[in-house]
Amino acid sequence: MKDNVSGCAVEEAMRLLGGRWRTVLLSYLMAGPKRFSEIRRAVPNISQRMLTLDLRALEEAGLLTRTIYAEVPVKVEYRLTDEGLRLRELVEMLRAIGLRLRGQADAGGAFLAPDGEGHSQ
């Protein structure tokens with residue numbers, strides 16, 4: 001990951017959350033823990049490599065945890081940490097801006113996962 005060159009707090013946040021997929025992944029995980037395969041299906045345009053890299057970066061930042069279950073086939077589950085859940089307000093604001101930009105109104109207050117399904121929280 002690139003270094004923060006300006007020392008600006010906004011740059012630091014964007015260094016971690018920027019890019020095409022990381023905030024989308026956080027929004028999907030706001031609804032609760034998900035298996036790798038569920039995330040992969042929900043975000044079909046992300047490559048498996050990019051999904052793995054972004055999940056690892058979010059894990060290293062302490063925003064999510066990865067649990068590996070000793071099963072066959074192996075089950076890997078991702079869950080937001082308390083620190084990751086603290087980003088709820090940011091994710092909700094981005095979602096509201098996205099809906100406004102698309103000219104849509106959301107009456108239910110549910111999270112829209114990348115698959116378009118609402119996830120209430």
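As shown above, the structure is provided for reference.
Since we're looking at a predicted model, the values are computed, not measured.

A word on the pattern of salt bridges. Applying the stated rule across the entire model yields four salt bridges. Residue Arg 79 pairs with Glu 77 through a salt bridge whose shortest N-O separation is 3.2 Å. In this structure Arg 79 comes out as partly exposed when scored by relative accessible area, which is 39%.

This part covers the side chain of Lys 34. Looking at the secondary structure, you find Lys 34 in strand β1 (residues 34-35). Buried within the structure, Lys 34 lacks any salt-bridge partner; its nearest side chain of opposite charge belongs to Glu 38, at an N-O separation of 5.4 Å. When neighbours within four sequence positions are excluded, Lys 34 is seen to be in contact with Tyr 28, Leu 29, Ile 39, Val 76, Glu 77 and Tyr 78.

A few words now on the sheet that holds β1. Pairing is antiparallel across the open sheet formed by three strands, whose spatial order is β1-β3-β2. In this open sheet, the two strands that pair with only one neighbour each are β1 and β2 (64-69). Relative to the sheet, helix α2 (residues 22-29) contacts β1, β2 and β3 (75-80), its axis offset from that of β3 by approximately 95°.

Before going further, it helps to spend a moment on the nonpolar core. Counting residues in each nonpolar core, the largest one holds 23 residues, and the members touching the most others are Ile 39, Leu 55 and Tyr 78. Counting residues per element, the ones that place at least two in this core are α1 (9-17), α2, α3 (36-42), α4 (48-60) and β3. Residue contributions to this core peak at four residues, all from α2. Aside from chain neighbours lying at most four places away, what touches Tyr 78 is Leu 29, Pro 33, Lys 34, Phe 36, Ile 39, Leu 55, Leu 64, Thr 65 and Arg 66.

Attention shifts here to the packing of aromatic side chains. The tally for this structure, following the rule as stated, stands at one aromatic pair. Residues Phe 36 and Tyr 78 carry aromatic rings whose centres are separated by 6.4 Å and whose planes lie at 50° to one another, so their mutual orientation is tilted. Placement of Phe 36 in helix α3 and of Tyr 78 in strand β3 is noted, with a sequence separation of 42 residues between them. Per residue, the accessibility class of Phe 36 equals that of Tyr 78, and both read buried. Across the ring face of Tyr 28, the terminal group of Lys 34 is positioned such that the distance to the ring centre comes to 5.3 Å. The positively charged end of Lys 75 is found above the aromatic ring belonging to Tyr 69, 4.8 Å away from the centroid.

The subject of this paragraph is the packing of α1 against α2. The geometry of α1 relative to α2 is characterised by a closest axis approach of 8 Å and an angle of 75° between their N-to-C directions. For the element pair α1 / α2, the angle class is roughly perpendicular. Here α1 contributes Arg 15, Leu 16 and Leu 17 to the contact with α2, which in turn contributes Arg 22, Thr 23 and Leu 26. Residues of the contact of α1 with α2, tallied by class, amount to three nonpolar, one polar and two charged.

Conventions used here
- Residue indices follow the written sequence of each chain, beginning from 1 at its first position.
- Local features are withheld for residues below a pLDDT of 70 in this predicted model, meaning they are given only at 70 or higher, and side-chain atom pairs are given and counted only at 80 or more; totals for whole chains, interfaces and linings count all residues.
- Side-chain measures here rest on the full set of heavy atoms in the structure, leaving out hydrogens and waters.
- Any Lys or Arg side-chain nitrogen found within 4 Å of a carboxyl oxygen on Asp or Glu counts as a salt bridge.
- Partly exposed describes any residue whose relative accessible area lies between the buried limit of under 20% and the exposed limit of over 50%, with all areas from a 1.4 Å probe on protein chains only and scaled to the type maximum.
- Numbering goes from the N terminus for both helices and strands, where a helix is a DSSP run of H or I of at least four residues and a strand is a run of E of at least two.
- In this charge count, Lys and Arg are treated as positive and Asp and Glu as negative; neither His nor the chain ends contribute.
- Contacts are assigned to residue pairs with any non-hydrogen atoms lying within 4.5 Å of each other.
- Pairs of strands are assigned from DSSP output, requiring at least two bridges between the strands.
- In this analysis, axes come from line fits to C-alpha atoms, helices being fitted only over the stretch in contact, and the angle between any two N-to-C directions falls in the range 0 to 180 degrees.
- We call a set of buried Ala, Val, Leu, Ile, Met, Phe, Trp, Tyr and Cys residues a nonpolar core when their side-chain atoms join them within 4.5 Å.
- Classification of ring pairs uses Phe, Tyr and Trp, with its six-membered ring standing for Trp, and accepts pairs whose centres are within 6.5 Å; under 30 degrees between planes counts as stacked, over 60 as edge-to-face, and the remaining range as tilted.
- The rule for a charge over a ring is simple: NZ of Lys or CZ of Arg within 6 Å of the ring centre, and within 35 degrees of the ring normal.
- Working rule for angles: under 35 degrees goes down as roughly parallel, over 145 as roughly antiparallel, 65 to 115 as roughly perpendicular, anything else as oblique.
- Charged means Asp, Glu, Lys or Arg here, nonpolar means Ala, Val, Leu, Ile, Met, Phe, Trp, Tyr, Cys or Pro, and polar covers whatever is left, Gly included.

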